[in-house]
Amino acid sequence: MHELSLALEVCRIAELNAAPRPARDVRTVAVEVGEDAGIELENFRFCLEALLSGAPFAGARAELVSLPGTDLRVSYLEVDDGRPDD
Amino acid sequence: MAVRTIDVRERVMARNDELAAVVRQRLRDAGVPAFNLVSSPGSGKTSLLERTLETLGEELGIAVVTGDVQTQNDADRLARRTERLVQAVVTGGACHLDAAQVTAALDAIDLEQTRLLFVENVGNLVCPASWDLGEVAKIVVLSVTEGEDKPLKYPKMFRMARYAVLNKIDLLPHLDFDLDQAVAFARQVNPELRFFFTSARTGEGLDEWYRFLRAEARAPALR
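Quick look at the structure, then.

Rules and cut-offs
- Residues numbered from 1 in each chain as written.
- Chains lettered and ligands numbered in written order.
- Predicted model: local features only at pLDDT ≥ 70, side-chain atom pairs only at ≥ 80, totals over all residues.
- Pairing = 2+ DSSP bridges.
- Helix = DSSP H or I, 4+ residues; strand = E, 2+ residues; numbered from the N terminus.
- Axes fitted to C-alpha atoms, helices over the stretch in contact; angles between N-to-C directions.
- Expected span 1.5 Å × (residues − 1).
- Buried ≥ 20, exposed ≤ 12 C-beta atoms within 10 Å, placed from the backbone.
- Arc of directions from axis to C-beta.
- Contact = placed C-beta atoms within 7 Å.
- Right-handed = clockwise from strand over helix to strand, strands pointing away.
- Left-handed = near helix turned anticlockwise from the far one by under 90°.
- Nonpolar A, V, L, I, M, F, W, Y, C, P; charged D, E, K, R; others polar.
- Core = buried A, V, L, I, M, F, W, Y, C linked by C-beta atoms within 7 Å.
- Parallel < 35°, antiparallel > 145°, perpendicular 65-115°, else oblique.

## Section: the sheet that holds strand β5 (residues 116–120) of chain B
Residue and element names in this part refer to chain B.
Working step 1: Spatially, β4-β3-β5-β2-β6-β7-β8 is the arrangement adopted by the 7 strands of the open sheet, whose pairing is parallel. Strand pairing shows two members of the sheet lacking a second neighbour, β4 (86–90) and β8 (194–197), which therefore form its edges. Within this sheet the neighbouring strands show an average axis-to-axis angle of 20°, counted without direction.
Working step 2: Summarising the sheet, strand β2 (residues 34–39) and β5 pair through 4 bridges and their orientation is parallel. For Phe 35, the partnering residue across the bridge sits in β5 and is Phe 118.

Next up, the structure:
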């Protein structure tokens, strides 16, 4: 029921950690979801994908991994660094 | 374009937990124990608080932070029973209170003049269990018009709570509610749970509740 609040907080953390790159350059937001975190995974995925599809993001992918435990954790981001390919 | 991976490893609840820790310290410094009152909608949290404020509001210097999804109705109801401050939080759709809202509400409360704080959460047995508000303990209210098996259906909330109030006991003669079974289910998920049996309507059982609150307001430092 509170999946949207949690997804909003994930977006806040993602935006903060992407800096100085803008949120629209975030390509992937990877999140670990504890099996006992009290979170309905598919509902959470729906909320997070909806948020990541709109401003300030621009269609970042939500990568969700279910793990044992009670924590919900943003594990990593993939961010376009604006430089040409190596 | 080159894509770079940024390690984050940040708990999503970290910010709430940090804010809750600040609230807890602030209340401890002020010697004010706070109870987070949780239940499903309609179990009688507000009625219990109305009675409590009428009887003990002045004596114990009770302040209340009350959360609702919409309207300030509960805050208005409570404000009629006390001269003391009742701070309303309208969550605007959110299904729980969080520590940031309690932090903001505390700014409006004179903690020097307060000896006991109630936080009346949004009526919901699921989400409020996940948000620490800096309270000393959660008190879960269950009413006899609900199912005996609520503790089994919402085990996290009953596990997180230290006290349970079984309310509306004046209605027991009219219902099939099995009180012993409800207590047994609750103790199954949380053997430590301490029960109060009350009717906020008739006042039955409230003496023990008041004794408990008086003791809590007297000795907050001992926790």
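There is more to say, and it comes next.
## A short note on helix α2 (residues 41–52) of chain A
Residue and element names in this part refer to chain A.
Working step 1: Over its 12 residues, α2 extends 16 Å from the first C-alpha to the last, a length consistent with the 16 Å expected when each residue adds 1.5 Å.
Working step 2: Among all positions in α2, only Phe 44, Cys 47, Leu 48, Leu 51 and Leu 52 are buried. The buried residues of α2 all sit within an arc of 125° when viewed along its axis, so they share a single face. Of the exposed residues in α2, those oriented more than 90 degrees away from the buried face are Glu 42 and Ala 50.
Working step 3: Contacts from the buried residues of α2 go to α1 (3–18), β1 (26–34) and β2 (61–67).

## Some points on the environment of Asp132(B)
All names here are of chain B.
Working step 1: Residue placement: Asp 132 occurs in the loop between β5 and β6 (137–143).
Working step 2: A residue is classified by how many C-beta atoms lie within 10 Å of it, and Asp 132, with 21 of them, is buried.
Working step 3: Taking the C-alpha atoms as reference, Asp 132 lies 21 Å from Ser 43; in sequence the two are 89 residues apart.
Working step 4: Residues within four places of Asp 132 in sequence aside, it is in contact with Asn 16, Asp 17, Ala 20 and Ala 99.

## Let's talk about the pairing of β4(B)
A regular strand carries its side chains on alternate faces of the sheet.
Working step 1: Counting buried residues in β4(B) gives 4 out of 5 residues, a clear majority hidden from the surface.
Working step 2: For the crossover that starts at strand β3 (residues 62–68) of chain B, traverses helix α3 (residues 73–79) of chain B and ends in the parallel β4(B), the hand is right-handed.

## Considering the sheet that holds strand β1 (residues 3–11) of chain B
Working step 1: As summarised here, the arrangement of the 4 strands in space is β2(A)-β1(A)-β3(A)-β1(B), forming an open sheet in which the pairing is mixed. Each of the sheet's edge strands pairs with one partner strand only, and the pair in question is β2 of chain A together with β1 of chain B. For this sheet, the mean inter-axis angle between neighbouring strands, taken without regard to orientation, is 15°.
Working step 2: Relative to β1(B), strand β3 (residues 72–80) of chain A runs antiparallel, the two being bridged by 7 bridges.

## Remarks on the packing of helix α1 (residues 14–30) of chain B against helix α4 (residues 99–107) of chain B
Residues and elements named next belong to chain B.
Working step 1: Taken N-terminus to C-terminus, the directions of α1 and α4 make an angle of 35°; their axes are 8 Å apart at the nearest point. The way α1 lies across α4 gives a crossing that is left-handed. In this structure, α1 contributes Asn 16, Leu 19, Ala 20, Val 22, Val 23 and Arg 26 to the contact, and α4 contributes Ala 99, Ala 100, Val 102, Thr 103 and Leu 106.
Working step 2: Residue composition of the contact of α1 with α4, grouped by class: 8 nonpolar, 2 polar and 1 charged.

## Here's the deal with the pairing of β5(B)
Residue and element names in this part refer to chain B.
Working step 1: Of all 5 residues in β5, 5 are buried; the element is thus mostly enclosed.
Working step 2: Alternating residues of β5 divide into Leu 116, Phe 118 and Glu 120 and Leu 117 and Val 119, and every residue in both groups is buried.
Working step 3: In the sheet, β3 pairs with β5 via 5 bridges, with the strands oriented parallel. Opposite Thr 66, over in β5, you have Glu 120 as the bridge partner.

## Describing the interface of chain A and chain B
Working step 1: Contact with chain A, which involves 26 residues of that partner, is made by 21 residues of chain B.
Working step 2: Put simply, the parts of the chain that give the side of chain A that touches chain B at least two residues each are α1 and β3 of chain A.
Working step 3: Examining the composition of the side of chain A that touches chain B, we find that 9 residues originate from one element, β3(A), more than from any other.
Working step 4: Split by residue class, the side of chain A that touches chain B holds 10 nonpolar, 6 polar and 10 charged.

## Considering the nonpolar core
Working step 1: With 57 residues, the main nonpolar core has Val102(B), Val119(B) and Val140(B) as its most contacted residues.
Working step 2: The element contributing the most residues to this core is helix α2 (residues 45–60) of chain B, with 5 residues.
Working step 3: For Val140(B), the contacting residues outside a window of four places in its chain are Val38(B), Ser39(B), Met157(B), Phe158(B), Ala161(B) and Ala164(B).
Working step 4: The next biggest cluster of nonpolar side chains, apart from the first, holds 27 residues, and it includes Val10(A), Ala14(A), Leu48(A) and Val79(A).

## Here's the deal with the environment of Asp207(B)
Working step 1: Relative to the helices and strands, Asp207(B) is located in helix α8 (residues 206–218).
Working step 2: It is 9.9 Å that separates the C-alpha atoms of Asp207(B) and Phe196(B), two residues lying 11 residues apart in sequence.

## Some words on the packing of α2(B) against α8(B)
Residue and element names in this part refer to chain B.
Working step 1: For the pair α2 and α8, interaxial distance at closest approach is 11 Å and the crossing angle is 30°. One element, α2, and the other, α8, form an angle in the roughly parallel class. Between α2 and α8 lies a crossing whose hand is right-handed. Contacts from Arg 51, Thr 52, Thr 55, Leu 56 and Leu 60 in α2 reach Leu 206, Tyr 210, Leu 213, Arg 214 and Ala 217 in α8.
Working step 2: Taken together, the residues of the contact of α2 with α8 sort by class into 6 nonpolar, 2 polar and 2 charged.

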